[in-house]
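Each chain, written out:
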Amino acid sequence: MMPPDPIPAATLILMREGAETASLPEILMVERGATLAFLGGAMVFPGGRVDPGDHALLSPHDPDPEETAARIAAIRETIEEVGLSIGLSPSPDAATLTDLRAAMAKGRSFAQTLVDHRLTIDTHVLTPFARWCPEHVPVRRFDARFYLAAIARGASEPAIDGAETVRAVWMTAREALAQADSGAIRIIFPTRRTLERLALFRDFPSAAADARAWPIRRIIPFQAERDGVPSICIPDDLGYPITSEPVASAKRG
């Protein structure tokens, strides 16, 4: 049986400086509502599917409309889920962000809300990081483009939507992995591999530079034996320090 066609999606990995000068950068993670059909209760990065309205913001001469629409979706979803603005000019204040979210929640398009508040969007502030398209689909299959973006610590206080997102927490990648290992949070296979990679970086510039150094290809995890153990694997030429995990421990959805 062929897997269903994947749904285009976008994810934004937000990074900010640590609380102290020498501390590692922190990453925003959000907990999905426990009752949601897809990844309910899991800790993920902000994001969601690419909507037709995201395409409405494209220039007719855009050389890569699917890529640009995904970047727009990542920016929009981050506003909707945690009330944080990336790539908007002029940078909206808290009241404007509240208005943007409220208008979109009532069904107004992202494009129209930007016009209403005389805002423009710059998708170039996002750095492509990865593209995950797992075929293990307990509910639905997504083709999710992951992006990196930096945010100033003073402008990084999240405001959850209380629906899809029930908690938002800043933590280092190492802290997130430790919490997952202790059972305090639940993460799935792509999130764990992403956190392991992010844990290598001392700051946002080094993370962004590394992201630009590797190709962006669809990552479709596959099953193979590693040292005689049935494992879920990914290619070893995309920048990930750990490329396999035993099937018995891998959380895939």
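Provided above is the structure to which this section pertains.
It should be emphasised that the depicted structure is a prediction, and the values quoted were computed from it without experimental measurement.

(A) Quick look at helix α2 (residues 65-82). The terminal C-alpha atoms of α2, which comprises 18 residues, lie 26 Å apart, in line with the 26 Å expected from a rise of 1.5 Å per residue. The buried fraction of α2 is high, at 15 of 18 residues. Positive phi shows up at G83, right after α2, with a value of about 65°.

(B) Local environment of the packing of helix α5 (residues 173-182) against helix α6 (residues 189-198). The N-to-C vectors of α5 and α6 enclose an angle of 140°; their axes lie 8 Å apart at closest approach. When the axis of α5 is compared with that of α6, the two are oblique. Between α5 and α6 lies a crossing of left-handed hand. Along its contact with α5, which presents A173, A176, L177, A180 and D181, the element α6 presents R192, L195, E196 and L198.

(C) Examining the state of the cysteines more closely. In the structure shown here, the tally under the stated rule is zero disulfides. Cysteine C133 shares no disulfide, and the gap to the nearest cysteine sulfur, in C233, comes to 17 Å.

(D) The side chain of R141, seen in detail. By the element assignment, R141 lies in the loop between β7 (127-132) and β8 (142-150). Given a relative accessible area of 9%, R141 falls into the buried group. Within the structure, R141 has its side chain in polar contact with the backbone oxygen of P134 (distance 3.3 Å).

(E) Spotlight on the side chain of D54. Within the secondary structure layout, D54 lies in helix α1 (residues 52-55). In this structure the side chain of D54 is engaged in a polar contact, spanning 2.8 Å, whose partner is the side chain of R76.

The rules we used
Residues numbered from 1 in each chain as written. Predicted model: local features only at pLDDT ≥ 70, side-chain atom pairs only at ≥ 80, totals over all residues. Heavy atoms only, no water. Helix = DSSP H or I, 4+ residues; strand = E, 2+ residues; numbered from the N terminus. Expected span 1.5 Å × (residues − 1). Buried < 20%, exposed > 50% of the residue type's maximum accessible area, 1.4 Å probe, protein only. Axes fitted to C-alpha atoms, helices over the stretch in contact; angles between N-to-C directions. Parallel < 35°, antiparallel > 145°, perpendicular 65-115°, else oblique. Left-handed = near helix turned anticlockwise from the far one by under 90°. Contact = heavy atoms within 4.5 Å. Disulfide = S-S within 2.5 Å. Polar contact = N/O pair within 3.5 Å; in protein donor to acceptor, adjacent residues only side chain to side chain.

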